[in-house]
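The primary structure of each chain is shown beneath.
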Amino acid sequence: WYYPGGTRLRLPPWVEIGWTEAAALRVLRSVGSRAYADRQRVRLLAAYRSADPRGNQMDLAVIPRGRPLSYRGKSLFVLEELEKQSGRNVLARFRKAIRVCHAGGTIEKNIDTDEAIRLLSLGLGRDLYGFFRNLGTTVQPKPLDFTAFGKLEKELDELISTKRKK
């Protein structure tokens, strides 16, 4: 994960590790390793459910030692739940929110869980702090200004469109 321009982003592990792993599983499925990818997915989700049967005891904001399967499984579960609610383009919309906020100067250098949820909320167009809180994640909600984000997003889209025409 990188900022526009190539500077490496510092993201919370549930995004950096878990969602990168989810993307890798999708690539494996698309290149013919569907059975292997499906087994890995089942293994991750089973580890999560075994460690956190009620689904609200493992806190994504608390970084575990050794990147256990259960933590990675919860990260995958969160992504899949968000995709059920918002469609398969969650990662693209999250990435776009990072670009828009970076261009507008409204992004923190080191993105913690609260900032990641803010960016994800902006990208998906709804407040996700309650969603994460219900899954047992400690959150300190940050202000969400959907109107200002929409204006920044429109300006950036127009700028990109103008540059492509040249």
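Residues numbered from 1 in each chain as written. Predicted model: local features only at pLDDT ≥ 70, side-chain atom pairs only at ≥ 80, totals over all residues. Heavy atoms only, no water.

### Overview of the packing of aromatic side chains
Inspection of the entire model under this criterion finds five aromatic pairs. Plain terms: the ring middles of Trp-14 and Phe-132 are 5.2 Å apart, the flat faces sit at 50° to each other, and that makes the pair tilted. Pair noted here: Trp-14 is in helix α1 (residues 13–16) and Phe-132 is in helix α7 (residues 129–134), with a separation of 118 residues, a long-range link. Taking the relative accessible area as the measure of exposure, Phe-132 reaches 0% and is therefore buried. Seen in terms of ring centroids, Phe-131 and Phe-132 are 5.3 Å apart; in terms of plane orientation they differ by 85°. Their pairing is edge-to-face. Classification of Phe-131 by relative accessible area gives buried; the value is 17%. Every member of this aromatic cluster is reached through a ring pair, and the members are Trp-14, Trp-19, Phe-94, Phe-131 and Phe-132. (Phe/Tyr/Trp six-rings, centres within 6.5 Å; stacked < 30°, edge-to-face > 60°. Helix = DSSP H or I, 4+ residues; strand = E, 2+ residues; numbered from the N terminus. Buried < 20%, exposed > 50% of the residue type's maximum accessible area, 1.4 Å probe, protein only.)

### Focus on the pattern of salt bridges
Applying the stated criterion across every chain yields a total of twelve salt bridges. Here Arg-26 and Glu-83 are joined by a salt bridge, their closest N and O atoms 2.5 Å apart. Of this pair, Arg-26 sits in helix α2 (residues 18–30) while Glu-83 sits in helix α4 (residues 69–86); the two residues are 57 residues apart in sequence, bridging distant segments of the chain. Between Asp-157 and Lys-96 there is a salt bridge, with the nearest N and O atoms lying 3.1 Å from each other. Of this pair, Asp-157 sits in helix α8 (residues 146–165) while Lys-96 sits in helix α5 (residues 90–103); the two residues are 61 residues apart in sequence, bridging distant segments of the chain. A network of salt bridges, in which partner residues are shared, links Asp-112, Glu-115, Arg-118 and Lys-142. (Salt bridge = Lys/Arg side-chain N within 4 Å of Asp/Glu carboxyl O.)

### A few points about helix α3 (residues 34–51)
Between the first and last C-alpha of α3 there are 26 Å, a value that for 18 residues agrees with the 26 Å anticipated at 1.5 Å per step. For α3, the set of buried residues is Ala-37, Gln-40, Leu-44, Leu-45, Ala-47 and Tyr-48. Taken end-on, α3 shows its buried residues confined to a sector of 155°, consistent with a single buried face. Residues Arg-39, Val-42 and Ser-50 are exposed on α3 and point more than 90 degrees away from its buried face. Residues of α3 that are buried sit in contact with α2 and α4. (Expected span 1.5 Å × (residues − 1). Arc of directions from axis to C-beta. Contact = heavy atoms within 4.5 Å.)

### Things to note about the environment of Arg-39
Mapped onto the secondary structure, Arg-39 falls in helix α3. Residue classification places Arg-39 among the exposed residues on the basis of a relative accessible area of 51%. As for Arg-39 and Tyr-129, which are separated by 90 residues in sequence, their C-alpha atoms are 31 Å apart.

### Quick notes on α2
Quick reminder: α-helices carry 3.6 residues per turn. Residues three or four places apart thus point the same way. The first and last C-alpha atoms of α2 sit 19 Å apart over 13 residues, in line with the 18 Å expected at 1.5 Å per residue. Among the structural elements, α1, α3, α4, α5 and α6 (113–124) are those in contact with the buried residues of α2. Once α2 ends, the next one or two residues include Gly-32, with phi positive near 100°.

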